Amino acid sequence: MLENIFTLLMLIMLQAVLGFDNLLYISLESKKAPKDSQKRVRKVGILIAIALRIVLLFVLVSIIGFFKEPFSFLTGSIENVVDFAFNGHSLIVLAGGGFIIYTAIKEIWHMIGTPDIHETLEKETKGFKSANAVVVSIVIMNLVFSFDSILAAIGLTSDIESSTTAFIIMAIAIVCSGLLMLLLADRISTFLSKNRMYEVLGLFILFIVGIMLVTEGGHLAHIKFFGNEITPMSNTTFYFVIAVLVIVDIVQGRYQKKLLVEKASVENKKEEN
């Protein structure tokens, strides 16, 4: 009994840590919906994703071998150039990583581009169809992000003799982590709205998440270029890069404020003279 409780706590912690990038994506993606629908979009998206995570868990437990075994028609090589052996897991991770990289680059490009008043008005006046599209995006990417965490959960519960008990423990962990996301999503979105400068930081973090998923997908697919196998980015490297990005952003923000104060002081002295 105590062992099962300990496993449950470990799973909840695992889901919470691995769900950080998912939560960031939800907060940024929900901003594409009309302002009066953003809160609803986040809640509905997360609630649907929780239910689908349970379904995904059941499916993975039932046919786990299908996702790990390479597809024969997607296995092969080009002599001395590339080797590959794609399986279901690698395809899902690669597709998710590629989509996140595309989304991050598109949003960053939009931020540095010339503002278009017509485009801005059109975005602000979109109806609930766009809100529903955002919900769909949140649900799909939630499933992509949860794929690895569910596989890790299956690994952590492999020592539990009863498969029913293992499934219940994993389902409880998924629900708890989902409720935690539900609690934090609005707060993170509010923080980003009040501190718009951190949106760029968030998008670059998502970009790195996409790279991490692509490298992991390439590793799972056993892709080799000129005999060199793709090495996945480790979680330690990922969190180190994120920490560096956050520190650089904070230092740069304070330095810019200092420059603005110095500039204002110089201008005031000129006016006095």
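Predicted model, so just to flag it, every value in this text is computed and none were measured. (Residues numbered from 1 in each chain as written. Predicted model: local features only at pLDDT ≥ 70, side-chain atom pairs only at ≥ 80, totals over all residues. Heavy atoms only, no water.)

A. Quick look at the overall build of the protein chain. The number of helices and strands found in the protein chain is 10 helices and four strands. What you see in the protein chain, going N to C, is helices and strands ordered as α-α-α-α-β-β-α-α-α-α-α-β-β-α. Residues classed as buried in the protein chain amount to 37% of the 273 residues present. Considering only contacts within the protein chain whose residues lie at least 6 apart along the sequence, 80% involve residues at least 24 apart. Surface summary for the protein chain: the accessible area is close to 16,300 Å², and the carbon and sulfur share equals 67%. (Helix = DSSP H or I, 4+ residues; strand = E, 2+ residues; numbered from the N terminus. Buried < 20%, exposed > 50% of the residue type's maximum accessible area, 1.4 Å probe, protein only. Contact = heavy atoms within 4.5 Å. Areas by Shrake-Rupley, 256 points an atom, 1.4 Å probe, with all protein chains shown as cover.)

B. Region of interest: the pairing of strand β1 (residues 75–78). Summarising the sheet, β1 and strand β2 (residues 82–85) pair through four bridges and their orientation is antiparallel. Bridging from a neighbouring strand, Ile78 pairs with Val82 of β2. If you look at the hairpin formed by β1 and β2, you'll find three residues sitting between the two strands, and Asn80 has a positive phi there, around 65°. (Pairing = 2+ DSSP bridges.)

C. Representation of the sheet that holds β2 within the structure. If you trace the four strands from one edge of the open sheet to the other, you get β1-β2-β3-β4, paired in antiparallel fashion. In this open sheet, the two edge strands, each paired with only one partner strand, are β1 and β4 (228–229).

D. Region of interest: the environment of Val41. Its place among the elements puts Val41 in helix α3 (residues 38–62). Residue class for Val41 comes out buried when judged on its relative accessible area of 0%. The contacts of Val41, once residues within four sequence positions are left out, are Ser30, Ala33, Ala131, Val134, Val135 and Ile138.

E. Molecular detail of the environment of Ala49. Assignment of secondary structure puts Ala49 in helix α3. It is 9.1 Å that separates the C-alpha atoms of Ala49 and Met141, two residues lying 92 residues apart in sequence. Those residues in contact with Ala49 that lie beyond four places of it in its chain are Val139 and Asn142.

F. Seen up close, a nonpolar patch on the surface. Together, Ile48, Leu52, Val55, Phe58 and Val59 make up a nonpolar patch on the protein surface, roughly 390 Å² of accessible area in all. When you line up the elements, Val59 lands in helix α3. (Patch = residues over 30% accessible without salt bridge, like charges linked within 9 Å, V, L, I, M, F, W, Y side chains within 5 Å. Salt bridge = Lys/Arg side-chain N within 4 Å of Asp/Glu carboxyl O.)

G. Examining the confidence of the model for the protein chain more closely. Predicted confidence across the protein chain gives a mean pLDDT of 76, with 78% of residues reaching 70 or more. Across residues 123–128 the pLDDT falls below 50, and counting only partners more than four positions away or on other chains, this stretch makes five contacts in the model. (pLDDT = per-residue confidence, 0-100.)

H. Geometry of the nonpolar core. The biggest cluster of nonpolar side chains holds 20 residues, and the ones touching the most others in it are Ile100, Phe145, Leu206 and Val209. No other element matches helix α9 (residues 197–220), which puts eight residues into this core. Listed in part, the 13 residues of the second largest apolar core include Ile26, Ala33, Val41 and Ala185. (Core = buried A, V, L, I, M, F, W, Y, C linked by side-chain atoms within 4.5 Å.)

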